[in-house]
Each structure stands twice: as C-alpha cells, then as structure tokens.
Amino acid sequence: MRPIDAAAPLPTRYDSLRGAYGPYRANNDLLYYHLDIRVDPEKQWVSGKNTIRFKMLKDGTRIQLDLRDTLTIDKIVLGDKTLKYERDTGAVFVDFPETLHAGQVYSIDFYYSGHPEETGRFGGMTFKKDPSGHVWINTACEETGASMWWPNKDQWRDEGESMDISVAVPNGLMDVSNGKLVGKTDLGDGYTRWDWHVSYGINNYDVSLNIGDYVHFGEEMAEPSDAKLAMDYYVLPEDLDKAKAQFAQARGMIEAYQHYFGEYPFIKDGYKLVEAPYSGMEHQSAVTYGNLFKNGYLGRDWTGVGINTRFDFIIIHESGHEWFGNSITADDSSDMWIHEGWTTYLETLYVEYRWGYDDALKYMSGLKPKVTNMRPIIAERGVNAEPTQDMYFKGALMINTLRSVVNDDAKWWALLHDFYQHFKYQNIMTEDVVAWWNLHTGMNLTPIFDQYLRQAHIPRLELLFGEAPGMVMYKWDADEDGFAMPVKVGTADHWQIIHPTTKWQWMQTPLSKNDFQVATDLYYIDVNKQ
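Reading the values: rules and limits
Residues numbered from 1 in each chain as written. Predicted model: local features only at pLDDT ≥ 70, side-chain atom pairs only at ≥ 80, totals over all residues. Heavy atoms only, no water. Helix = DSSP H or I, 4+ residues; strand = E, 2+ residues; numbered from the N terminus. Rg over C-alpha atoms; globule rule 2.2 N^0.38 Å. Buried < 20%, exposed > 50% of the residue type's maximum accessible area, 1.4 Å probe, protein only. Contact = heavy atoms within 4.5 Å. Axes fitted to C-alpha atoms, helices over the stretch in contact; angles between N-to-C directions. Parallel < 35°, antiparallel > 145°, perpendicular 65-115°, else oblique. Left-handed = near helix turned anticlockwise from the far one by under 90°. Nonpolar A, V, L, I, M, F, W, Y, C, P; charged D, E, K, R; others polar. pLDDT = per-residue confidence, 0-100. Core = buried A, V, L, I, M, F, W, Y, C linked by side-chain atoms within 4.5 Å. Pairing = 2+ DSSP bridges.

Draft legend 1. Structural view of the overall build of the protein chain. Secondary structure assignment for the protein chain yields 11 helices and 29 strands. Relative to the compact-globule value of 24 Å for 530 residues, the protein chain shows a C-alpha radius of gyration of 25 Å, a close match. The principal-axis extents of the C-alpha atoms in the protein chain amount to approximately 90 × 55 × 40 Å. Looking at the protein chain residue by residue over its 530 residues, the buried ones come to 59%. Residue pairs at least 24 apart in sequence account for 68% of intrachain contacts in the protein chain once pairs closer than 6 positions are excluded.

Draft legend 2. How the structure looks around the environment of S16. The residue S16 is located in helix α1 (residues 13-19) in this model. Overall, S16 belongs to the partly exposed group, its relative accessible area being 31%. Spatially, the C-alpha atoms of S16 and A478 are 32 Å apart, while their sequence positions differ by 462 residues. Filtering out sequence-adjacent residues up to four positions away, S16 remains in contact with P11, G382 and V383.

Draft legend 3. The arrangement of the packing of helix α5 (residues 313-320) against helix α6 (residues 337-355) in detail. At a minimum axis distance of 8 Å, the contact between α5 and α6 shows a crossing angle of 130°. One way to sum up the angle between α5 and α6 is to call them oblique. Crossing handedness for the pair α5 and α6: right-handed. The segment α5 lies against α6, with F313, I316, H317 and G320 engaging E340, T343, T344, L346, E347 and Y350. Its residues assigned to classes, the contact of α5 with α6 comprises four nonpolar, four polar and two charged.

Draft legend 4. Geometry of the confidence of the model for the protein chain. Here the protein chain averages 96 in pLDDT, while 99% of its residues score no lower than 70. Across residues 1-5 the pLDDT falls below 50, and counting only partners more than four positions away or on other chains, this stretch makes 19 contacts in the model.

Draft legend 5. Quick look at the nonpolar core. Of all hydrophobic cores here, the largest spans 161 residues; its most connected members are Y271, W337 and W437. At 10 residues, the largest contribution of residues to this core is made by helix α8 (residues 390-406).

Draft legend 6. Representation of the sheet that holds strand β27 (residues 505-509) within the structure. Here we have four strands laid out as an open sheet, ordered β27-β24-β23-β29, and mixed in their pairing. Where the open sheet ends on each side, the last strands, each with one partner, are β27 and β29 (526-529). Averaged over all neighbouring strand pairs, the angle between strand axes comes to 25°, with direction disregarded. Two strands pair when backbone bridges link them, and strand β23 (residues 460-465) and β29 are joined in this way by four bridges, in the parallel orientation. Counterpart to L461 in the pairing with β29 is V527.

Next comes the structure, spelled out in structure tokens:
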C-alpha cells in the first residue's frame, strides 16, 4: 500500500507539467498507439518507437507528450519531416512546421532509447533474473508514470481507442503484454518479436511488458452472451503446478463480478494472469501476479478477521480493477478512489457472493483499522497528486454506507449494475459519480459523498441521554453543513431509522445509554454517547 502522510507533498515542476491538462494536451484527442520496441536484457536497454495517432480539436502547431529525461529522444517525425521539440523535465513539447487543423487526423513516430530508471514501489521497469537464473523483465508504473519507460500522453483523461504492442526479445524468451496475441516473428538476428493487439481503450499505466522464461496454460469460459472468454496464464516453469491449483480461483472471481456488474469488459482481448516478481498490478487484460501462490495477501490475513485466508487477495483485488480502474477510469489521479475504493468494495462483494452477507460485513469491519482519516481522499487536481491510502479502505466503507442509506438491497443491486454499465469504457470524475447517484436514487447524496471524500474526518453521531431512560438527543457532528444521513439505531433485532441533521433533535426510547446501539457495521461513523 502507499505511504500515509498527514499533508500532501508540494507538487514539483515535473508533477505540474505531467498532471495539468494544459493547452497542448487539450488541443488534441489521442486515437491510437503502436509501441514497437526492442528490449536488450544484457545492456538493460530499450529502443524503438511509438507511433502516435491523434485528431486535432483546435488549430495548432504544438502538442505535449511525455518521456522521462533519463531516456533519449532519437527523433520525432511526421511523414518524412523531422520535428523540433523542447524538453522540460518529463514533458516533451512537439512543434510542427505548419498548422495542424482541427478535425484532421495526424500520425507521428516518436523514436527513443535508453536505460529506464528503476524507480517506484514496484521498480517501474526492472531487469532481473528469476530463481532459475533466466532473464525476467517487468513493468509496473502506476505511480511513476508510463513515460518512465515509453513516450506517450502521460495522463489518464485521454485514452486511445485501441493499441498495438510489439516487443522484440532474445530468442528463447517470451513477452506477455496486454490484449490478444497476434503472433510472433523470428527476426533472424537472435530476436523474436511478440505482437499484441488491444481492442479497447487502455490507460497508459496499464500498458505492460513481462519478459521471461514463461510457460502457458489456459481455459475458456462461457459468457452470458454466449461469447467465449479466453483465460490465459503465464508462469515460470517451476511454478506451473502451484499455478494450476491457485489460478482455479480466477473463474469464480469472474463469475462473482459478472453477477453484480455484467460481462467481463475486455472479452476480445481475453483475461490473463502473468507471474511477476512483485505482489501484483491491474494491467488491463494482463493482470500481474506475485502473491506466492497462497491465499491472503503474501500469505497474511489481510483484514485480520479470518476471511481473507479463504481466497487469493491479488487475484480477487487486482482483477476487480478490470471493472473499476481499467473499464471505468478516473480523469485525474486525484480521484483514484474511483479505482481503489470501488475495487476494495468489490472484494466484499466477492465475499458476499461466495460466503454470504454476514461474512461480507465481517470482512468490511476488518478494513476500519486501516483508515487514518488524516486528510481527504480526493487530492489536489491537475498536479499529478497521489491520494492517501484511505482511498482504498475508507472509500469501500463509504460505499457500504451508501448501501445502508439506500436501504433496499434489490434496488441497490440494480443501481450497482446500472452505474457500472452507464460509465464503462469512460473516464470520469467524482462529480460524475455523485450526479449519477443523486439522479438514480432521487436523494441528495452530495453532502454524504463530500463528507467522506473531501473532508478528513468521518461523521460522528452525538447522543445525549437524560438521567433516566425515555429520551435521547441526537445530531451529526460533520464538516458538511447539509449532512443529514439516515442511520439505524436501537437494537440489532429491532433497528429504527432516524434522520439526524447537524442540529439537535430528540426521540423517545425505552433503552438505557448502555443498551442503545448504533448499526456501526452498516455505516462508517463514529458514535459519542454522553
């Protein structure tokens, strides 16, 4: 998980240039990439080109792309014209000798080379050896940015419509990337090129290389539409038997998420699990896996309540991102709770699908100690800001709270399904989420979303009892003035819904202060009894 800090770090110039959707990003619409590269394991070197196709939205003579300044730009060409460019930290401002016209489509080839810097939580791009001594090269760059190893429009708001990935590696090695394997070609010089086609939009940090001495096995799964979903698994030879046993969980995972949200979103590309030397990442249609072929998270009971050891956390969580993070993507990293809060909630849905509602609530309760409430979940926008890890656990607890506010499970399941279906294959922000839920529930949920996402503290239910049973005063202590969330109180076998606001109200009750309960497993709140 990401580090916890009380104050967000000040953005650097690099972060500002990468994070801002400035005029030279906004003047064009990305359509397509073809990343065509050669990877030299001995020299730890990458070279090749990215063909970038885009449509101009405004007349202009400049666009902004990104490539870390640790890598060399060999040339950028439009047809037979070599283009001039300016570099500023990670930003690359490409200049055209003549005006590019709105509505017209253009294609440039961006040639580059160099040794990608190993950086970030999972190394960005790492050149390692597997336990048997074979080459093992992997990428994982959500935090550091895809431009640390390939040139692209390194932000989330604008995805292409499709992508091709061609990776030449020494003979005897395999590259596993996103999408569907088109084929492999012996180049006659000791290298083989592996070609993959991605039939959908893909966010840039999902683009992945996995180069190694892999073996493959797979299966097919019938989809509700009668389509066949290819499920392919790539692991090191010595792990084949363990993988065949552990990866059997993938089918049940897909069945569970399809039950709630609809078909697997990338059927044309298939679903893959690819062994990697780190815990795992949600690379679209090529989920990377390093969870030791054990249940839990790296063999641990992740939520500490005795349920996580029933399933493989990485298979269930990282694959959940196929629905939230990959199919539905935030416009800006500031709103990454749309990826992580929802996918953490999907873990609880998987538990509920497999083992029932009571275990799902128990699993949810194990998330509470992980929340810090030190700063808001939504980070500063436009500066490549990294939100606090509360986006995972507090985000999921907020969604569970929302279910209790709706207080009608038949309606809740329909809303969940329709929410996902409405936004799939789109890039959205929190405002889009809130507006949809307000419209489709007929409630004003904005103060609830704002309290949990834009404020550091969770709401606290203040309860003031008299000296004798018979009456209790109640109100919300919340930062949002309009906060008026209903909540269940009383006893577990006889809940009563009250509607506190931030002003004192009172109710009659036969219960004493000690007997008067609040359904804190259904709502993520604090309670203060006086």
